[in-house]
Amino acid sequence: MQKRKLGSSGLEVSALGLGCMGMSASYGAPKDKTEMIALLRAAVERGITFFDTAEVYGPFTNEDLVGEALAPLRKQVVIATKFGFDLPPDFDARTMKAGPGLNSRPEHIKQAVEGSLKRLRTDVIDLLYQHRVDPNVPIEDVAGAVKDLIREGKVKHFGLSEASVQTIRRAHAVQPVTALQNEYSLWWRRPETEVMPALEELGIALVPYSPLGRGFLTGKMDANTKFDAADFRSALPRFAPDALKANQALIDLLASIASRKKATTAQIALGWLLAQKPCHRTHCR
């Protein structure tokens, strides 16, 4: 497995990472815990060192899963998690009609990190992202709170997710940002216009999520594909039957290239992403 350093931070990870969200949430019912623990440990055996989770996945259950699976291998891996939602320790999703709101107040960030450390069975988080920008909290205050956590030795690196260029610059001025997590793939290339040039200028890495287009770029979907009600793709316009049918031309192109290369469409999609600039890396979900 090749390695990549995230921007100018020096944090080294495997060129391919593993996003763990779908093991516990969002892509249908939670998967079998024993099987997922085996999968996570098998990924490490195959050279994967970068694992991504978040307190909101479940909520909490995905961090528990990742923590249990990777605890015996902790020195071999880099774990990224995220804060940013209003999730008190006693949060119960069953009592809410809608998802949790945003909360990046400094005191809440520190509370969230304590919970993440416990669930992940670790004394330090390698990469801590703000999951979504909170319009009610200045990003300077967010960066400052993470800076405090880094000084305390509870966090090693600071990241952002889905942040604008202006927000990235403001945060970076307070606490250097190691990585920005954004959707990026053959199917979604919008970061190329403004975000990626700014990241390159600042020495910040792009960690692309959904490099396989939430499964679409595997070539396993068509206009007749049905999604479980617990699968968030059932509500996404890109996965409506007409959209899946219209976008099939991209899959056909990938399939033809894959045939010539004796590969799968997923391998071609990931190969394209890996072939981009060295500061970019793929992050599988």
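Each remark here, short or long, concerns the structure printed above.
Attention in this report is confined to the structure presented alongside it. All figures in this text were calculated on a predicted structure; none of them were measured in a lab.

**A look at the packing of helix 1 (residues 33–45) against helix 2 (residues 61–70)**
Working step 1: Two numbers describe how helix 1 lies on helix 2: the axes approach to 9 Å, and their chain directions differ by 55°. Here helix 1 is positioned oblique relative to helix 2, judged by the angle of their axes. Judged by the sense of rotation from one axis to the other, the crossing of helix 1 with helix 2 is right-handed. Within the contact between the two elements, helix 1 uses Lys33, Met36, Ile37, Leu40, Arg41 and Val44 and helix 2 uses Leu65, Val66, Glu68, Ala69 and Leu70.
Working step 2: Taken together, the residues that form the contact of helix 1 with helix 2 break down as 8 nonpolar, no polar and 3 charged.

**Comments concerning the pattern of salt bridges**
Working step 1: In total, this model carries 17 salt bridges according to the counting rule given.
Working step 2: The salt bridge partner of Arg74 is Asp126, with a shortest N-O separation of 2.9 Å. Residue Arg74 is located in the loop between helix 2 and strand 5 (78–83), and its partner Asp126 is located in strand 6 (residues 125–130); the two are separated by 52 residues in the primary sequence. The pair formed by Arg74 and Asp126 is uniform in burial state, with each residue classed as buried.

**Some words on the nonpolar core**
Working step 1: With 34 residues, the main nonpolar core has Leu40, Phe51, Leu70 and Phe216 as its most contacted residues.
Working step 2: Residue assignment for this core shows that the elements contributing at least two residues are strand 3 (16–19), helix 1, helix 2, helix 8 (248–261) and helix 9 (265–274).
Working step 3: Per-element accounting of this core gives the leading share, 5 residues, to helix 1.
Working step 4: Ile125, Leu160, Ala163 and Leu199 belong to the second-largest nonpolar core, a separate cluster that totals 31 residues.

Calculation criteria
Residues numbered from 1 in each chain as written. Predicted model: local features only at pLDDT ≥ 70, side-chain atom pairs only at ≥ 80, totals over all residues. Heavy atoms only, no water. Axes fitted to C-alpha atoms, helices over the stretch in contact; angles between N-to-C directions. Helix = DSSP H or I, 4+ residues; strand = E, 2+ residues; numbered from the N terminus. Parallel < 35°, antiparallel > 145°, perpendicular 65-115°, else oblique. Left-handed = near helix turned anticlockwise from the far one by under 90°. Contact = heavy atoms within 4.5 Å. Nonpolar A, V, L, I, M, F, W, Y, C, P; charged D, E, K, R; others polar. Salt bridge = Lys/Arg side-chain N within 4 Å of Asp/Glu carboxyl O. Buried < 20%, exposed > 50% of the residue type's maximum accessible area, 1.4 Å probe, protein only. Core = buried A, V, L, I, M, F, W, Y, C linked by side-chain atoms within 4.5 Å.

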